[in-house]
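What follows is each chain in one-letter form.
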Amino acid sequence: MCVIRAFVDLPLREGETITLPDDAAAHLVRVLRLREGERCVLFNGDGHDHEAELTRADKRGAAARIGAGRPVALESPLR
């Protein structure tokens, strides 16, 4: 199963609803055609992936409710 991830340059706190930046909203809603109620993963470079559910997805933009974050280790083990 493919995990849909999107970068957002905003603080991500569990339980909050944020308005997604235009580039992330355009990618999720126009390119990937996600709809209200669908889930994705948001990250901001802090070392955590945050589950999120779209609460609004329309021509004007998108908003998402932030869920639990989990640490990720994507660095290559090779030197």
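Up top is the structure.
Residues numbered from 1 in each chain as written. Predicted model: local features only at pLDDT ≥ 70, side-chain atom pairs only at ≥ 80, totals over all residues. Heavy atoms only, no water.

Q: It is not clear to me how the nonpolar core should be interpreted in this structure. Could you clarify?
A: The tendency in soluble globular proteins is for nonpolar side chains to be buried as a group. Core analysis: the biggest nonpolar cluster contains 17 residues, and L20, L28 and L42 have the highest contact counts within it. When contributions to this core are tallied by element, the ones reaching two or more residues are helix 1 (22–31), strand 3 (39–43), strand 4 (48–58) and strand 5 (61–71). The dominant element in this core, judged by the number of residues it contributes, is helix 1, at four residues. (Core = buried A, V, L, I, M, F, W, Y, C linked by side-chain atoms within 4.5 Å. Buried < 20%, exposed > 50% of the residue type's maximum accessible area, 1.4 Å probe, protein only. Helix = DSSP H or I, 4+ residues; strand = E, 2+ residues; numbered from the N terminus.)

Q: I keep staring at the pairing of strand 4 and nothing clicks. Help me out?
A: Put simply, side chains in a regular strand alternate between the two faces of the sheet. Sheet topology note: the strand 3/strand 4 ladder contains five bridges and is antiparallel. Of the residues in strand 4, the one forming a bridge with R39 is E53. Between strand 3 and strand 4, which follow one another and run antiparallel, lie four residues, and G45 among them has a positive phi close to 90°. A loop of two residues connects strand 4 with strand 5, the two strands running antiparallel in sequence. (Pairing = 2+ DSSP bridges.)

Q: Sorry, what's going on with the state of the cysteines here?
A: Two cysteines, two sulfur atoms, one covalent bond between them: this is a disulfide. In the structure shown here, the tally under the stated rule is zero disulfides. Unpaired in this structure, C2 has its nearest cysteine sulfur neighbour in C40, at a distance of 12 Å. Accessibility expressed as a relative area gives 65% for C2, which makes it exposed. (Disulfide = S-S within 2.5 Å.)

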